[in-house]
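Close look at the chain arrangement
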Amino acid sequence: MHPTTTFDLLGKARQGAGDAASLLFERYRRRLAVLVRYKLGEEWRGKLDIDDLVQETMMRAYRDLDSFTYRSPGSFLHWLSAIADHAIADAVRYQGRARRHATEVVRFRSESNPLGPEPVDSLTPSRVFAQAERLQALLRKMDELPDQYREVLLLSKIEGLTTEEIAERLKKPREAVSLLVFRAVRRLRELMER
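First, a word on what this report is: a plain description of the structure on this page.

Conventions used here
Residues numbered from 1 in each chain as written. Predicted model: local features only at pLDDT ≥ 70, side-chain atom pairs only at ≥ 80, totals over all residues. Heavy atoms only, no water. Helix = DSSP H or I, 4+ residues; strand = E, 2+ residues; numbered from the N terminus. Buried < 20%, exposed > 50% of the residue type's maximum accessible area, 1.4 Å probe, protein only. Contact = heavy atoms within 4.5 Å. Areas by Shrake-Rupley, 256 points an atom, 1.4 Å probe, with all protein chains shown as cover. Phe/Tyr/Trp six-rings, centres within 6.5 Å; stacked < 30°, edge-to-face > 60°. Salt bridge = Lys/Arg side-chain N within 4 Å of Asp/Glu carboxyl O. Expected span 1.5 Å × (residues − 1). Axes fitted to C-alpha atoms, helices over the stretch in contact; angles between N-to-C directions. Parallel < 35°, antiparallel > 145°, perpendicular 65-115°, else oblique. Nonpolar A, V, L, I, M, F, W, Y, C, P; charged D, E, K, R; others polar.

1. Overview of the overall build of the protein
Along the backbone of the protein there are 9 helices and 0 strands. In sequence order, the protein lays out its α and β elements as α-α-α-α-α-α-α-α-α. Counting across all 194 residues of the protein, residues that qualify as buried make up 40%. Counted over contacts in the protein with a minimum sequence separation of 6, partners at least 24 positions apart contribute 64%. Put simply, the protein shows about 12000 Å² of open surface, and 51% of that area lies on carbon and sulfur atoms.

2. Some thoughts on the environment of glutamate 175
If you trace the backbone, glutamate 175 turns up in helix H9 (residues 174-193). Sequence-wise, glutamate 175 and glutamate 164 are 11 residues apart; in three dimensions their C-alpha atoms are separated by 9.2 Å.

3. Digging into the packing of aromatic side chains
Counting across every chain of the model gives 7 aromatic pairs. Measuring from centroid to centroid gives 6.5 Å for phenylalanine 25 and tyrosine 62, while their planes differ by 65°, and the two rings are edge-to-face. Linking phenylalanine 25 in helix H2 (residues 18-40) with tyrosine 62 in helix H4 (residues 50-63), this pair joins segments that are 37 residues apart in sequence. By relative accessible area, phenylalanine 25 is classed as buried at 2%. With 5.0 Å between their ring centres and 45° between their planes, phenylalanine 68 and tryptophan 79 make a pair best called tilted. In this pair, phenylalanine 68 sits in the loop between H4 and helix H5 (75-94) while tryptophan 79 sits in helix H5, placing the two residues 11 residues apart along the sequence.

4. Points about the pattern of salt bridges
Note that side chains of opposite charge can pair when their charged atoms are close. Enumeration over the complete set of coordinates arrives at 11 salt bridges. When the shortest N-O distance is used, the salt bridge between arginine 29 and glutamate 26 registers 3.5 Å. One end of the pair is arginine 29 and the other is glutamate 26, both in helix H2 and 3 residues apart, which spans about a single turn. Like glutamate 26, arginine 29 is buried. In this structure, the salt-bridge partner of arginine 37 is aspartate 143, at a minimum N-O distance of 2.8 Å. One end of the pair, arginine 37, is in helix H2; the other, aspartate 143, is in helix H6 (residues 125-144), with 106 residues separating them in the sequence. One salt-bridge network, held together by shared partners, links Glu56, Arg60 and Asp90.

5. Here we look at helix H7 (residues 147-158)
Spanning 12 residues, H7 covers 15 Å between terminal C-alpha atoms, matching the ideal 16 Å at 1.5 Å per step. Where H7 is concerned, the buried positions are Tyr149, Arg150, Val152, Leu153, Leu154, Leu155, Ser156 and Ile158. Looking one or two residues past H7, glycine 160 carries a phi angle of roughly 75°, positive in sign.

6. What to know about the packing of H7 against H9
Closest axis-to-axis distance for the H7/H9 pair is 9 Å, and the angle between their directions is 100°. Viewed along their axes, H7 and H9 adopt a mutual orientation that is roughly perpendicular. Together, Gln148, Tyr149, Val152, Leu153, Ser156 and Lys157 of H7 and Leu180, Val181, Arg183, Ala184, Val185, Arg187 and Leu188 of H9 make up the contact between the two elements. For the contact of H7 with H9, the class distribution of residues is 8 nonpolar, 2 polar and 3 charged.

Following this line, the structure appears as C-alpha cells:
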C-alpha cells in the first residue's frame, strides 16, 4: 500500500524515502504558488520570480522537515505558508540576490548521494508546461474576483483555514464568512466556465 495522505507521506519522508518527500511537495506546489503570488503583492510580482520563491520555500521546508509537527490536515500548508512568508521577506530584503550558502543546499539523489530526495520537478517538460498553463489560467481568474472573494478563497481553499478561523481573522461573524466563501466559490466557477 502506497502512502497517500500528508501524514503518511511525512512519515515516509522522515524515514528517508525521497519519493515520498517529492510526492509530498509536488502535492502542495500549485497551492503554494497561488499563495506566494498573492502574498507578494502587486509591486513585487514583476520583480521576484514566483517559481523561485516556491522552490526556496520547499527547500527550506525539506531542510527543516523534522521540526514540523503535524496537528491537522491543514497544518502542513499552514507551515509552508509561514516558511513562504520568510522566503518572501528575504527575497524582498535582498531584492532577489541568491543568499543561500553551500552548507544549506539540499543535495538531491545521485550516485554520490543515493539517500537524497528526488528533485520535486522531475516531471516531463510537457507536464510542467501544462501545469504552469493551468496555474496561470487560475491566477488570471483569481485576479478578476473582487478583493474580498479572493481573500476568503485564499484563506479557505489555499491556506485551508476553517470558517471559524477565517471569521476570527477577518473579524466577521461565522455566518457572514460562510456566505462569502459560498459566493466566492460560485463566482470563481462562473469565471472558470467562461
